Amino acid sequence: MAVVLDWLSASLVAQALTASATLYIFVSAAHILSIGLLMGAVILLDLRLLGLWRNMPLQELAPFLSAAALSGVVLAIVTGGVLFTVRAEEYVVNPAFLAKMGLLALGIVNAVLLQTGAPWRRALEAGRTSGAVKLSAAFSLTIWIAALVAGRWIGFI
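Being a predicted model, the structure only gives us computed values, none of them experimental. Each chain has its residues counted from 1, following the order in which its sequence is written. A pLDDT threshold of at least 70 governs which residues receive local features in this predicted model, and a stricter bar of 80 or more applies before side-chain atom pairs are shown or counted, although totals over entire chains, interfaces and linings include all residues. Hydrogens and water are ignored here; the side-chain numbers use all heavy atoms of the structure.

A. Focus on the nonpolar core. With 21 residues, the main nonpolar core has Leu 38, Leu 45, Leu 49, Leu 58, Trp 120 and Trp 144 as its most contacted residues. Contributing elements (two or more residues each) for this core: α3 (21-49), α4 (58-84), α6 (95-115), α7 (118-126) and α8 (131-153). Put simply, DSSP marks the helices as runs of H or I at least four residues long and the strands as runs of E at least two long, and each gets a number from the N terminus on. With 7 residues, α4 is the largest single contributor of residues to this core. In what follows, residue pairs with any heavy atoms lying within 4.5 Å of each other are defined as contacts. With residues up to four places along the chain from it excluded, the contact list for Trp 120 reads Leu 45, Leu 49, Ala 62, Ser 66, Leu 114, Gln 115 and Val 133. Within the second largest apolar cluster, 8 residues are counted, among which are Leu 5, Phe 84, Tyr 91 and Ala 96. Grouping buried Ala, Val, Leu, Ile, Met, Phe, Trp, Tyr and Cys residues that are joined through side-chain atoms within 4.5 Å yields what is termed a nonpolar core. Exposure categories follow from relative accessible area, calculated using a 1.4 Å probe and restricted to protein chains: below 20% of the type maximum is buried, above 50% is exposed, and the middle band is partly exposed.

B. Spotlight on the environment of Ala 62. With respect to the helices and strands, the residue Ala 62 is situated in helix α4. Residue class for Ala 62 comes out buried when judged on its relative accessible area of 0%. Along the chain, Ala 62 and Arg 128 lie 66 residues apart, while their C-alpha atoms are 12 Å from each other. Ala 62 has contacts with Leu 45, Trp 120 and Leu 124, leaving out every residue within four places of it along the chain.

C. Here's a closer look at the packing of aromatic side chains. Here a pair means two rings of Phe, Tyr or Trp (six-membered ring of Trp) with centres within 6.5 Å. Their orientation is stacked below 30 degrees between planes, edge-to-face above 60, and tilted elsewhere. A complete count under the given rule lists 3 aromatic pairs for this structure. Judged by centre distance (5.4 Å) and plane angle (20°), the ring pair of Phe 84 and Phe 97 falls under stacked. With Phe 84 in helix α4 and Phe 97 in helix α6, this pair connects stretches of sequence that are 13 residues apart. Like Phe 97, Phe 84 is buried.

D. Summary view of the environment of Val 109. By the element assignment, Val 109 lies in helix α6. By relative accessible area, Val 109 is classed as partly exposed at 45%. Placed 23 residues apart in sequence, Val 109 and Val 86 show a C-alpha to C-alpha distance of 28 Å.

E. Quick look at the side chain of His 31. Within the fold, His 31 resides in helix α3. On the basis of relative accessibility, which here comes to 11%, the residue His 31 falls in the buried class. Among the polar contacts listed, one links the side chain of His 31 to the side chain of Thr 79, at a separation of 2.8 Å. Ignoring any residue separated from it by four or fewer positions in sequence, one finds His 31 in contact with Ala 76, Thr 79, Gly 80, Leu 83 and Lys 100. Polar contact is the term for a pair of N or O atoms within 3.5 Å; when the atoms are in protein, one must be able to donate a hydrogen and the other to accept it, and sequence-neighboring residues count only if both atoms are side-chain atoms.

F. Summary view of the packing of α4 against α6. Axis lines are fitted to C-alpha atoms, over the contacting stretch for helices. Their N-to-C directions set the angle, which ranges from 0 to 180 degrees. Between α4 and α6, the shortest axis-to-axis distance is 13 Å and the interhelical angle comes to 155°. Accordingly, the angle class assigned to the pair α4 and α6 is roughly antiparallel. Crossing angle aside, the handedness with which α4 passes α6 is left-handed. Facing α4, whose interface residues are Ser 66, Val 73, Ile 77 and Phe 84, α6 presents Phe 97, Leu 104, Ile 108 and Gln 115. Each residue belonging to the contact of α4 with α6 can be placed in one class, and the counts come to 6 nonpolar, 2 polar and no charged. What sets the label is the angle itself: under 35 degrees gives roughly parallel, over 145 gives roughly antiparallel, 65 to 115 gives roughly perpendicular, and the rest give oblique. Rotating anticlockwise by less than a right angle from the far helix to the near helix defines a left-handed crossing, while the corresponding clockwise rotation defines a right-handed one. Classification convention: Asp, Glu, Lys, Arg as charged; Ala, Val, Leu, Ile, Met, Phe, Trp, Tyr, Cys, Pro as nonpolar; all other residues, Gly among them, as polar.

G. The arrangement of the environment of Gly 117 in detail. Within the secondary structure, Gly 117 sits in the loop between α6 and α7. Classification of Gly 117 as buried rests on a relative accessible area of 17%. Sequence spacing of Gly 117 and Val 133 is 16 residues, and the spatial spacing of their C-alpha atoms is 9.5 Å.

Listed below in structure tokens is the structure:
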């Protein structure tokens, strides 16, 4: 593991980010924008699944917000991976970073399980959510907000 971390820290990507404050700022800004896209889509979808804005058709809203959340999480992982190279050895021992990674994985698994299950399909067909879908949405809100807090916590440890 130490060899991989050393390699990442010495990579051209890490060197470029370290050498250019401007590049680092733009990658960091892209990471924040990605998180904003992810969180905005997740929060709106989860709140709709929990019963808010019932006049908004779930059949139209869910695919759009799911695609936006997927785009946000992919971009956040890519930009976060680039930022990780700068301090890889520090991040892998940072409890907040480890919590964020665990929560990120849990959030992705929750989303995949929700959107591949029969309750999701029934919710899209009927436009109403079952208790299982609502429970998953509440869990999702908790996970993603906790991941956001853990991400902010990284810099304070």
